[in-house]
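Spelled out from the first residue to the last, the chains are:
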Amino acid sequence: MLNHLLNLFFPKSCAGCHSFLLHDELVICTQCRHEIPLTNHHKIQENEVFQKFYGRIPLEFGAALFYFHKKGIVQEMMHQLKYKGNQEIGQIVGDWYAAELKDLEAITTIDYIIPVPLHKRRFRERGYNQVTKFGQALAQNLAIPYEETILQRKLYTKTQTKKSLLGRADISKTIFDVTFSESHHGKHFLLIDDVITTGSTLEACSRELLKIPDAKISIVCMAMSHS
């Protein structure tokens with residue numbers, strides 16, 4: 001009853017198009033769910049994510065759920081998630097993707113889910129890591145531990161949105177650090193992020209994780225930039 005009253009006086013809007021949500025809709029309206037461009041990467045062995053990192057890092061598996069287009073539904077969702085505090089988006093996307101991934105052989109071998117970390121200063125500024133809810137939803141649905149302490153961001157940088165590919169790559173080489181014990185040797189790590197653009201940040205994170213003896217890396221993101 002209380003929720004119905006709150007929705008009556010403070011109606012929730014869709015994270016994609018901002019239309020009012022119906023009582024049985026969560027975060028994203030039904031129309032946006034149908035219009036969101038899906039990649040279907042999990043159905044393609046050598047998909048675009050796998051190809052992006054080919055020759056850069058040895059991937060066991062790679063995928064993103066959505067395509068990210070400028071001025072599209074997914075861009076608005078990611079903006080709401082990253083800058084407007086709408087962390088429910090991460091939860092919904094995590095639940096959505098886990099249902100698609102749960103029966104894949106590559107996923108069943110994963111030992112830890114690792115988020116691309118924020119620097120402590122950035123975390124204080126924003127108040128949260130935008131991929132936390134996504135990762136926790138994957139972890140809960142797939143019964144895989146979510147681990148935030150192995151990978152750290154040691155350098156505070158301004159947003160990389162407007163940096164060139166070369167600039168991103170140069171910075172990413174020195175930005176992360178890894179802390180591990182013998183219990184992490186030979187483990188399969190699923191690295192997660194919000195949007196894949198150049199891949200330089202994910203590559204840098206992966207290279208740190210690969211300092212762990214016999215480590216294996218997979219990557220799953222909410223979206224992938226697509227022209």
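Please refer to the structure placed before this passage.
Residues numbered from 1 in each chain as written. Predicted model: local features only at pLDDT ≥ 70, side-chain atom pairs only at ≥ 80, totals over all residues. Heavy atoms only, no water.

## So, helix α5 (residues 88–101)
Move 1: Between its first and last C-alpha, α5 extends 20 Å over 14 residues, near the 20 Å set by a 1.5 Å rise per residue.
Move 2: Along α5, the residues classified as buried are Ile89, Gly90, Ile92, Val93, Gly94, Trp96, Tyr97, Ala98 and Leu101. (Helix = DSSP H or I, 4+ residues; strand = E, 2+ residues; numbered from the N terminus. Expected span 1.5 Å × (residues − 1). Buried < 20%, exposed > 50% of the residue type's maximum accessible area, 1.4 Å probe, protein only.)

## Let's talk about the packing of aromatic side chains
Move 1: Considering all chains together, one arrives at two aromatic pairs under this definition.
Move 2: Measuring from ring centre to ring centre gives 5.2 Å for Phe66 and Trp96, while their planes differ by 75 degrees; the resulting arrangement is edge-to-face. With Phe66 in strand β1 (residues 59–68) and Trp96 in helix α5, this residue pair connects regions lying 30 residues apart in the sequence.
Move 3: When the centroid spacing of 5.8 Å and the interplanar angle of 15 degrees are considered together, the rings of Tyr112 and Phe189 count as stacked. Separated by 77 residues along the polypeptide, Tyr112 in strand β2 (residues 112–115) and Phe189 in strand β5 (residues 188–196) bring together distant segments of the chain.
Move 4: With a relative accessible area of 0%, Phe189 lands in the buried category.
Move 5: The residue whose ring lies beneath Arg33 is Trp96, and the NZ or CZ to ring-centre distance is 4.8 Å. (Phe/Tyr/Trp six-rings, centres within 6.5 Å; stacked < 30°, edge-to-face > 60°. Lys NZ or Arg CZ within 6 Å of the ring centre and 35° of its normal.)

## Re the nonpolar core
Move 1: Core analysis: the largest hydrophobic core is formed by 41 residues, its most contacted members being Phe66, Met77, Met78 and Leu138.
Move 2: Ranked by residues supplied to this core, first place goes to α5 with seven residues.
Move 3: Not counting the four nearest positions on each side in its chain, Phe66 is found in contact with Ile36, Pro37, Leu38, Thr39, Val74, Met77, Val93, Trp96, Met222, Ala223 and Met224.
Move 4: The next biggest cluster of nonpolar side chains, apart from the first, holds 26 residues, and it includes Phe53, Ile57, Ala64 and Ile114. (Core = buried A, V, L, I, M, F, W, Y, C linked by side-chain atoms within 4.5 Å. Contact = heavy atoms within 4.5 Å.)

## Comments concerning the environment of Ser218
Move 1: Tracing the backbone shows Ser218 in strand β6 (residues 216–225).
Move 2: Ser218 sits in the buried class, given a relative accessible area of 0%.
Move 3: Sequence separation between Ser218 and Ser206 is twelve residues, and the spatial gap between their C-alpha atoms is 8.8 Å.
Move 4: Beyond its immediate sequence surroundings of up to four residues, Ser218 is in contact with Leu59, Glu60, Phe61, His188, Phe189, Leu190 and Leu191.

## With respect to the side chain of Glu147
Move 1: Relative to the assigned elements, Glu147 resides in the loop between α8 (132–142) and β3 (151–153).
Move 2: At 2.3 Å, the side chain of Glu147 and the side chain of Thr149 are in polar contact.
Move 3: For Glu147, the residues in contact, after removing those within four places along its chain, are Tyr112, Ile113, Ile114 and Pro115. (Polar contact = N/O pair within 3.5 Å; in protein donor to acceptor, adjacent residues only side chain to side chain.)

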